[in-house]
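# Examining the three-dimensional arrangement
Spelled out, the chains give:
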Amino acid sequence: MNSLNLPWSLKEKIYQIKLNSQNNFSKIVSYFPLSESEKQTIVSLMGDSKSFDGFGSIFSDHVSEKEWNESKSQIIQRFQDELFDID
């Protein structure tokens, strides 16, 4: 399996990294839309990104770095709690 050596500041924003049948990166899903510079950083760490379909996010709201840092633990925990309640 391919892995990305992401900086912690990006890793915590990622909900899921999807792989295709060849274990190459196919899609990266974040909690909120990533900035263009964050996307560029990730793509540069991928190496071969021919099969990469792009980025997606769970929520469509754009949040500032300050908003993210102030509320990230609650956002992540709440989302995970709500996901577990789905049966």
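One structure accompanies this document, and this report is about it. (Residues numbered from 1 in each chain as written. Predicted model: local features only at pLDDT ≥ 70, side-chain atom pairs only at ≥ 80, totals over all residues. Heavy atoms only, no water.)

## Observations regarding the overall build of the chain
Of the regular secondary structure elements, the chain holds three helices and three strands. Reading the secondary structure of the chain in the N-to-C direction produces α-β-β-α-β-α. Evaluated residue by residue, the chain yields a buried proportion of 28% over its 87 residues. When contacts within the chain are restricted to residue pairs at least 6 apart in sequence, long-range pairs at least 24 apart make up 55% of them. For the chain, the exposed area adds up to about 6000 Å²; of that, 48% sits on carbon and sulfur atoms. (Helix = DSSP H or I, 4+ residues; strand = E, 2+ residues; numbered from the N terminus. Buried < 20%, exposed > 50% of the residue type's maximum accessible area, 1.4 Å probe, protein only. Contact = heavy atoms within 4.5 Å. Areas by Shrake-Rupley, 256 points an atom, 1.4 Å probe, with all protein chains shown as cover.)

## A few points about the sheet that holds strand 1 (residues 14–19)
Sheet architecture is open: three strands sit in the order 1-2-3, paired in mixed fashion. With partners counted over all chains shown, the strands left at the sheet margins are strand 1 and strand 3 (55–57), one partner each. With strand direction ignored, the average angle separating the axes of adjacent strands in the sheet is 20°. In the sheet, strand 1 pairs with strand 2 (residues 25–30) via five bridges, with the strands oriented antiparallel. By the bridge assignment, Gln16 is partnered in strand 2 with Val29. (Pairing = 2+ DSSP bridges. Axes fitted to C-alpha atoms, helices over the stretch in contact; angles between N-to-C directions.)

## Some remarks on the nonpolar core
By size, the foremost hydrophobic cluster in this structure holds 10 residues: Leu4, Leu6, Leu10, Ile14, Phe25, Ile28, Leu34, Ile42, Met46 and Phe52. Of all the elements in the fold, those that place two or more residues in this core are strand 2 and helix 2 (36–46). Each residue touching Leu34, except ones within four places of it in the same chain, is listed here: Lys13, Ile14, Lys39, Ile42 and Phe55. One finds Tyr31, Trp68, Ile75 and Phe79 within the second-largest nonpolar core, a separate group that totals six residues. (Core = buried A, V, L, I, M, F, W, Y, C linked by side-chain atoms within 4.5 Å.)

## Here's the deal with the pairing of strand 2
Where burial is concerned, most of strand 2 is hidden: five out of the six residues are buried. Counting the residues in the hairpin turn of strand 1 and strand 2 gives five residues, including Asn23, whose phi is positive at 60°. Pairing between strand 2 and strand 3: three bridges, direction parallel. Bridge assignment links Ser30 to a residue of strand 3, and that residue is Ser57.

## As for helix 2
Think of an α-helix as turning once every 3.6 residues; residues three or four places apart then point the same way. Taken together, the buried positions of helix 2 are Glu38, Ile42 and Met46. Seen end-on, helix 2 carries its buried residues on one side only, within an arc spanning 80°. Counted as exposed and oriented over 90 degrees from the buried face of helix 2: Glu36, Gln40 and Ser44. (Arc of directions from axis to C-beta.)

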